[in-house]
Amino acid sequence: MGSSRVFRILSTLCIALSVALFSVPAVADIPAETLEALGVSEHAAPKELYDKLVERYEDPKQGAGKGKYADKWQPLAIDQYFNPNLFYQPPTSVTKTTDGAGCITCHEDSDETPGAVAAWRKSVHSNLTAIRNLPASDPRFYKKELLEKAEENLRSLGKLGQHEQLTQVGCIDCHVGIGAKEGKHDKDLRMPDAKICGTCHLQQFAERESERDTMNWPHDQWPAGRPSHALGYQANVELATWAAMEEREIASGCTMCHINAPKCDTCHTRHQFSAAEARKPEACATCHNGVDHNEYEQFLLSKHGTVLKAHGDSWNWDVPLKDAIAKGGQTGPTCAYCHMEYEGKFGHNVVRKVRWAFNPTPAIADNLDHEWFQKRKAAWVKTCTTCHSEKFAKAYFDIIDGSIKQGLSKEQEAKAVLDKLYEDGLLVGQKTNRPTPPEPMKDAPGGFFQLFWAKGNNPTAIERDHAQMWEHDLIKLYKGVSHGSPGGYTYTEGWSPLIGDYARIMDENTKLREMAALQERVDKLEAGARQTLLNLDSTGKQASVGGIGGGMLLFGGLALWGWRRRNRELES
Amino acid sequence: MGSSRVFRILSTLCIALSVALFSVPAVADIPAETLEALGVSEHAAPKELYDKLVERYEDPKQGAGKGKYADKWQPLAIDQYFNPNLFYQPPTSVTKTTDGAGCITCHEDSDETPGAVAAWRKSVHSNLTAIRNLPASDPRFYKKELLEKAEENLRSLGKLGQHEQLTQVGCIDCHVGIGAKEGKHDKDLRMPDAKICGTCHLQQFAERESERDTMNWPHDQWPAGRPSHALGYQANVELATWAAMEEREIASGCTMCHINAPKCDTCHTRHQFSAAEARKPEACATCHNGVDHNEYEQFLLSKHGTVLKAHGDSWNWDVPLKDAIAKGGQTGPTCAYCHMEYEGKFGHNVVRKVRWAFNPTPAIADNLDHEWFQKRKAAWVKTCTTCHSEKFAKAYFDIIDGSIKQGLSKEQEAKAVLDKLYEDGLLVGQKTNRPTPPEPMKDAPGGFFQLFWAKGNNPTAIERDHAQMWEHDLIKLYKGVSHGSPGGYTYTEGWSPLIGDYARIMDENTKLREMAALQERVDKLEAGARQTLLNLDSTGKQASVGGIGGGMLLFGGLALWGWRRRNRELES
Amino acid sequence: MGSSRVFRILSTLCIALSVALFSVPAVADIPAETLEALGVSEHAAPKELYDKLVERYEDPKQGAGKGKYADKWQPLAIDQYFNPNLFYQPPTSVTKTTDGAGCITCHEDSDETPGAVAAWRKSVHSNLTAIRNLPASDPRFYKKELLEKAEENLRSLGKLGQHEQLTQVGCIDCHVGIGAKEGKHDKDLRMPDAKICGTCHLQQFAERESERDTMNWPHDQWPAGRPSHALGYQANVELATWAAMEEREIASGCTMCHINAPKCDTCHTRHQFSAAEARKPEACATCHNGVDHNEYEQFLLSKHGTVLKAHGDSWNWDVPLKDAIAKGGQTGPTCAYCHMEYEGKFGHNVVRKVRWAFNPTPAIADNLDHEWFQKRKAAWVKTCTTCHSEKFAKAYFDIIDGSIKQGLSKEQEAKAVLDKLYEDGLLVGQKTNRPTPPEPMKDAPGGFFQLFWAKGNNPTAIERDHAQMWEHDLIKLYKGVSHGSPGGYTYTEGWSPLIGDYARIMDENTKLREMAALQERVDKLEAGARQTLLNLDSTGKQASVGGIGGGMLLFGGLALWGWRRRNRELES
């Protein structure tokens, strides 16, 4: 930080004053829903917006903390890094006190994280002066404005003098405190979370946080504010399945993705924190891939993906999204380009056009004509018209919504069959070997918990087939058709596997019922055999008395009549 | 189009004359089979070739149109874009008339498809003068010749004056008419198909169309001309499964790939129409991936794919395929390099070396020694000798053919087991809950339709296993070994999953027969119980009369004898 | 080879002398275990090290050759290329004799492998003078030292004069003999293997070979020296499943990966032999992908993979691994960077930090506290501290080991269930249709062989489920968590599929036992029916004699008593 440090010491005297006088409004394109939810005016000073954002961000009643199942689980050592705000403890093995320059020198030249320092050296953070000196022709020139914004935020927060400028954001600023002079490893070290990044990057922090305000479902299809990145950690820890899993290390794999809420480095990886990186589909891929939401694969296999793979190397990823086509040479869409856009503007709220949410359900399918959904569809169509005609986009949305509904319908049909089996007590081992899952999970046929918990005959094979149907096949159908991957919704993924699972469920249904019927017939035969025996016994006795006389004949006849009557009842 | 437009207006006067005099032959490397099929001489003028090609291309009797199941399905809105020649209707919402410059200006500066214009700006079409001025040293210099060819074609067709030159191919040329002065959105707008592209790119159009002429199977292993891209749309709409599917939006996913026949932009995507893009494997990937033909994945995981991924960025993709190694620095094969080559020349007929076609069948396996197959194998070996010795290539073809036959043999064994179950009426629910698929599908055990249609117990689980075996495992084995991906034919895909499905089929066969046998035993027991009851009844009565006398004894004894006899018959 | 050839002819006279005097030690960072195993001092001349290495490399008693099942299989034509040292035969069709320049000219200008020559032209081999003239600032400057090392090795081996320098490594050097003047195709042509490459690249050859020396398991968890690339061919041919497979062409797919032992071009592909290529993950991908060890996929989907995909194009892959971060601009790990490193140094022994080996087993899980494993874990943690804190790395290793153990535990539970079914003879068809696999395979429930061999009811479906559980799900869990792919160990791969297979096994267990119980009940009923018949018969007779007198009554009563007693015994 060199010379700016001296200047900073001098300038700290007037910070208190400058804060009071400071009146640059903090908000530009933050959704009105968020300003309203926070009770912040659009003319509020950065400090006011930041404080309100942080207050909610850290409020256990509004999605922060360990959540409603807090007593069911204990954090692992790795949780310090997944949610540092909640769990981080500085190391006890290193007690050295060092200043900002010392962090860099020591870590760069030792065995301890030289790679991290090397990445930071390539970051904007390591040389802000270079940003400040960019010519207007440079595609990264827009970062200069972001830098000035960051400085305004810091001034408003009392962390930077009114005429002071940043020259660098070093280890110490994020890991100890912005502008800190020194820190003691075992006492002052912190792991930064979104709140720390948001100190400078207030606009982006607010955009992220706004996700919880714009997911206001019209018929409670989902909990308020969800699904979203902003409440992603809550979604994780308040999932009964996750909280109840005994295998905590396995459960860490869920958490590893659900930390977009407290962390920014899931998209802008440490310590380069590259915006260009976050604009590439690979930034989304670690979480948005696989059986339950294969967006990355579907995109790559679409023609959109082809364009990216064929030409992406020649695009300039350093330009901001709004200039990607005009100045970046981009000729096809990316995750970021379509999902971070809303009505022509780009920001960190990625859920404003969400319609089918995480998984298609009847509560969504039956309400697509509602204005809430119509408005979002219109926003999507507008996005598509960047390259396609409105007529094309609408025609394709017919395909999207139509095929998702078709898949959903088939899944619902299978679900009814499964529910009936459960109701009839006919699932394999249902009466003999179906352990109840640990609290707070609840037993149910084909429930989500069965994808992560198994014991005895819970779940049964048919339940896994159904879980696969709605949580994998149907979602992949939805993601496939939404991303224009033909095999991704019709054949390789989506419809064909979905009806394959349907077929397995129907097959098993018939078999289970045939087996139950056969068992019943054998029950009857056994009952009959016992009765026959009794009758034979009677008959034998009767026979023996037959010679004596006809007096006992009536008894035998009655017994036989009774047996035949029972038999008919069983057969009916 | 600027100044050339003025020149064009003047020159149109002599077009009629120039056409008559025009004698530049159109055909260079178009397969003789095509010229023969069309009845066109190799010295024919471009117009003659073009007209004959278009006549066939549009002939419903030769694969065009809605096909033989036309009455079974109605097009969706999206079909306008999938097969514009059949279904496109201009928009009704826009009625403006505009000229060529107007299209560009308006779409570039509005919200409506600025991305499309940006892509076109990067295309060769947007600046043909730049192509004309390329120095001979430029890798794209060959495009100059293509441009001149295009102009010759246009002249022959009467669409360009004899001394007129193209400066640009703009929106209006493709979307209204080549050289059109203006167009009215709701009246004149068209969506270009292969026939429109072929007006200029006649050679390429003819090469594409030639695919149907070179797939002349010696023993009708496949319908004439198939499988091919040229008849790909026919293959789609004349598939009973596709035509009969109720879920039309899902079915659109099939169509989305089967539009190479009417469209060129599946490989050269809009609106950059890049040849370099079409040379990259990603151009093939959207269709050639997944469960039934994972060529893309198999290639990428082979050592050929490694070379591409490791070095491809340094290759010059702008050079034509024939120069890819010598001038483009290419050190490994690509889809295009091997599949578009035939006996040392490159073109848009991709099926001239096809042997195992879409899926391995006995009719192919049993005839590989036939000269038709031998000639194609020899052509392949020649392709491989670009980098490998002939001895190596032949040794590897032993692996290809050998392992496909081994997989096919196992699949056929499983098929026989399944067919016998069907014949014996033992499939799950076969007698109680097996709906007939809608016309024109035909019911059959393990049929292709079962991958896309399911109801009740049709298909059963075992049939899905078999469909998976021949349509997925076996094809992936074939594609894996053909593309040199070891795990792709032996383990991850191919053999190991194939015998896994075999094992499931054998498992189910045993279980179904055991269940049937048990049910039969219970039937017998029940029959016996009824008889016993009757006998007991008789015996009881007999006993009662026993005391009276021996006259009825004969009856009871006969009844018992009869029961025991029936019982033995059932047991045999 | 031009002018160096003349010089070489002159200098060969003094080679014998120079060898004797030569004393440059060959070994730098070769593991002490290897020097000890070979009985070579660290000051040994290159020739001594080389000869000892080759002696072991070619020793059938130490892993070379066709292995212990040599009599069970015959090589295919392709095996000439898979293991040329064992099987290669020169072509008979070409008899021409040519010199080094002739090879190049003829193959470059003909149809026969011009692509191979083009790749070689891009290799270091084609122009060693260029390497020798690199400025110290060039990232490839280190190759100059490698070249000098190679020359020292050749001198020590008597293949290069003391003052002679290499200018080129041409076709003839590898395919006939280093420095050979000419060769006859059908007599002298050879396919190079690791031993040939090792002539020049002695250090690398020794590093590769050292793998077998550093895999000294403390409790025989694995055979000595395995798993490793160095004994990879042995691992293949001495696998009973492989040796016994009838489908030899399919089996070639196994071999195709198991030829790292005799070959170097599996990582440095022909004929560019690029070090940069081998540093890229794609070099590993052809073998390290798929159901049983999807390292490549898991890495790509991790944040490590994201960094590579987002920034890798800007890294300089030509720098040696040790300089990748400092000079190559690398900001994230690659396969090579982490796996070729050991205690800060880089080399071709890739197994020195191996802990869980190929697949997790109790013998490993139960001994992780043993110092052998602790030392390896410490070496790993040190690797991670290149970018992560030690505290983070240790916390993450808790996740790795914890989750693998959790998966292993569930798999073992399922295995016990399967073993019991086998012991009880209850597997489908176990008593009626379970062929014994061909020698040297041994039958066992859920054995590895069942992934590649199937006949009748061997394996059963439940056994495939188990094979999948331990050989696929569990290994992918291990690879997923080890490579930081969250969905790769918790959901898409790993835990969720693993407990899905567990559920199927438990489901099948219940069903098989229920079916067996039902069959037993029917057996009993049938036995009862036969007895009833007998009794009825008796009763009938008895009845008939009842009228005659009571003398026979005792007999009928006794018979009934006996039947009822047997019945009770069966029921108990």
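Residues numbered from 1 in each chain as written. Chains lettered and ligands numbered in written order. Predicted model: local features only at pLDDT ≥ 70, side-chain atom pairs only at ≥ 80, totals over all residues. Heavy atoms only, no water.

Draft legend 1. Geometry of the nonpolar core. If you look at the biggest cluster of nonpolar residues, it comprises 77 residues, and the most contacted ones within it are Trp217(B), Ile364(B), Tyr396(B), Trp495(B) and Ile78(C). Ranked by residues supplied to this core, first place goes to helix H25 (residues 390–423) of chain B with 13 residues. (Core = buried A, V, L, I, M, F, W, Y, C linked by side-chain atoms within 4.5 Å. Buried < 20%, exposed > 50% of the residue type's maximum accessible area, 1.4 Å probe, protein only. Helix = DSSP H or I, 4+ residues; strand = E, 2+ residues; numbered from the N terminus.)

Draft legend 2. Region of interest: the interface of chain C and chain A. At the junction of the two partners, chain C supplies 69 residues and chain A supplies 86 residues. Between chain C and chain A the total buried area reaches about 6,300 Å² when both faces are included, carbon and sulfur atoms providing 61% of it. If you look at where chain C meets chain A, you find five salt bridges. Its salt-bridge partner being Lys511(C), residue Glu508(A) comes within 2.8 Å of it at the nearest N-O pair. Looking at the side of chain C that touches chain A, the elements that each hand over two or more residues are helix H21 (303–311), helix H25 (390–423), helix H27 (486–490), helix H28 (495–546) and helix H29 (553–571) of chain C. (Contact = heavy atoms within 4.5 Å. Buried area = accessible area lost by both parts, 1.4 Å probe. Salt bridge = Lys/Arg side-chain N within 4 Å of Asp/Glu carboxyl O.)

Draft legend 3. Looking closely at helix H8 (residues 114–121) of chain C. Residue and element names in this part refer to chain C. Of all the eight residues making up H8, six are buried; the element is thus mostly covered by neighbouring parts of the structure. Those residues of H8 lying buried are Gly 115, Ala 116, Val 117, Ala 118, Ala 119 and Trp 120. In the core, the buried residues of H8 are packed alongside helix H7 (100–109).

Draft legend 4. Region of the structure containing the relation of the copies chain B and chain A. Least-squares fitting of chain B to chain A yields an RMSD of 0.0 Å, with the transformation described by 0.0 Å of translation along the axis and a rotation of 120 degrees. In symmetry terms, the pair is related by a three-fold rotation axis. Interface overlap between copies is the fraction of interface residues in one copy that are interface residues in the other; for chain B against chain A it is only 13%, indicating separate surfaces. (Least-squares fit on C-alpha atoms with pLDDT ≥ 70 in both.)

Draft legend 5. Expanded view of the interface of chain B and chain A. Taken together, the 86 residues of chain B in the interface contact 69 residues of chain A. Counting the surface lost from both chain B and chain A, the interface buries some 6,300 Å², and carbon and sulfur atoms represent 61% of this. Our count for the chain B to chain A interface comes out at five salt bridges. Asp523(B) is the partner of Arg521(A) in a salt bridge, and the nearest nitrogen-oxygen pair spans 2.4 Å. At the junction of chain B with chain A, the criterion picks out 38 residue pairs in polar contact (both at pLDDT 80 or more). Put simply, the parts of the chain that give the side of chain B that touches chain A at least two residues each are helix H5 (79–82), helix H8 (114–121), helix H17 (248–257), helix H19 (282–285), helix H26 (461–482) and helix H28 (495–546) of chain B. Of the residues forming the side of chain B that touches chain A, the biggest block, 18 residues, is contributed by H28(B). Among the residues forming the side of chain B that touches chain A, the class breakdown is 37 nonpolar, 27 polar and 22 charged. (Polar contact = N/O pair within 3.5 Å; in protein donor to acceptor, adjacent residues only side chain to side chain. Nonpolar A, V, L, I, M, F, W, Y, C, P; charged D, E, K, R; others polar.)

Draft legend 6. Main features of the relation of the copies chain C and chain A. For the pair chain C and chain A, the best superposition has an RMSD of 0.0 Å and corresponds to a rotation of 120 degrees with a translation of 0.0 Å parallel to the axis. An overlap of only 16% is found between the interface residues of chain C and their copies at the interface of chain A, pointing to separate contact surfaces.

Draft legend 7. Quick look at the state of the cysteines. Residue and element names in this part refer to chain A. Inspection of the entire model under this criterion finds zero disulfides over all chains. Of the cysteine sulfurs around Cys 284, a residue in no disulfide, the closest is that of Cys 335, at 4.0 Å. Free cysteine: Cys 387, not disulfide-bonded; nearest cysteine sulfur from Cys 338 at 8.0 Å. When its relative accessible area of 26% is taken as the criterion, Cys 387 is described as partly exposed. (Disulfide = S-S within 2.5 Å.)

Draft legend 8. Focus on H7(C). Of all the positions in H7(C), only Gly100(C), Gly102(C), Cys103(C) and Ile104(C) are classed as buried. As for H7(C), its buried residues are in contact with strand S1 (97–99), H8 and helix H11 (171–175) of chain C.

Draft legend 9. Quick peek at the confidence of the model for chain A. All names here are of chain A. With 89% of its residues at a pLDDT of at least 70, chain A reaches an overall mean of 91. This model gives residues 9–23 a pLDDT under 50, and the stretch forms 18 contacts once residues within four places in sequence are excluded. Note on residues 543–572: pLDDT is under 50 here. Beyond four places in sequence and across chains, it has 34 contacts. In the predicted complex, the global pTM is 0.91; the interface-specific ipTM is 0.91. (pLDDT = per-residue confidence, 0-100.)

Draft legend 10. A look at the packing of H25(C) against helix H26 (residues 461–482) of chain C. Orientation of H25(C) relative to H26(C), taken along the N-to-C sense of each, is 175 degrees, at an axis distance of 9 Å. Regarding the angle of H25(C) to H26(C), the classification is roughly antiparallel. (Axes fitted to C-alpha atoms, helices over the stretch in contact; angles between N-to-C directions. Parallel < 35°, antiparallel > 145°, perpendicular 65-115°, else oblique.)

Draft legend 11. Layout of the environment of Trp315(C). Assignment of secondary structure puts Trp315(C) in the loop between H21 and helix H22 (335–339). Aside from chain neighbours lying at most four places away, what touches Trp315(C) is Lys122(A), Val307(C), Leu308(C), Gly328(C), Gly329(C), Gln330(C), Thr331(C), Gly332(C) and Thr334(C). In this structure the side chain of Trp315(C) is engaged in a polar contact, spanning 3.5 Å, whose partner is the backbone oxygen of His311(C).

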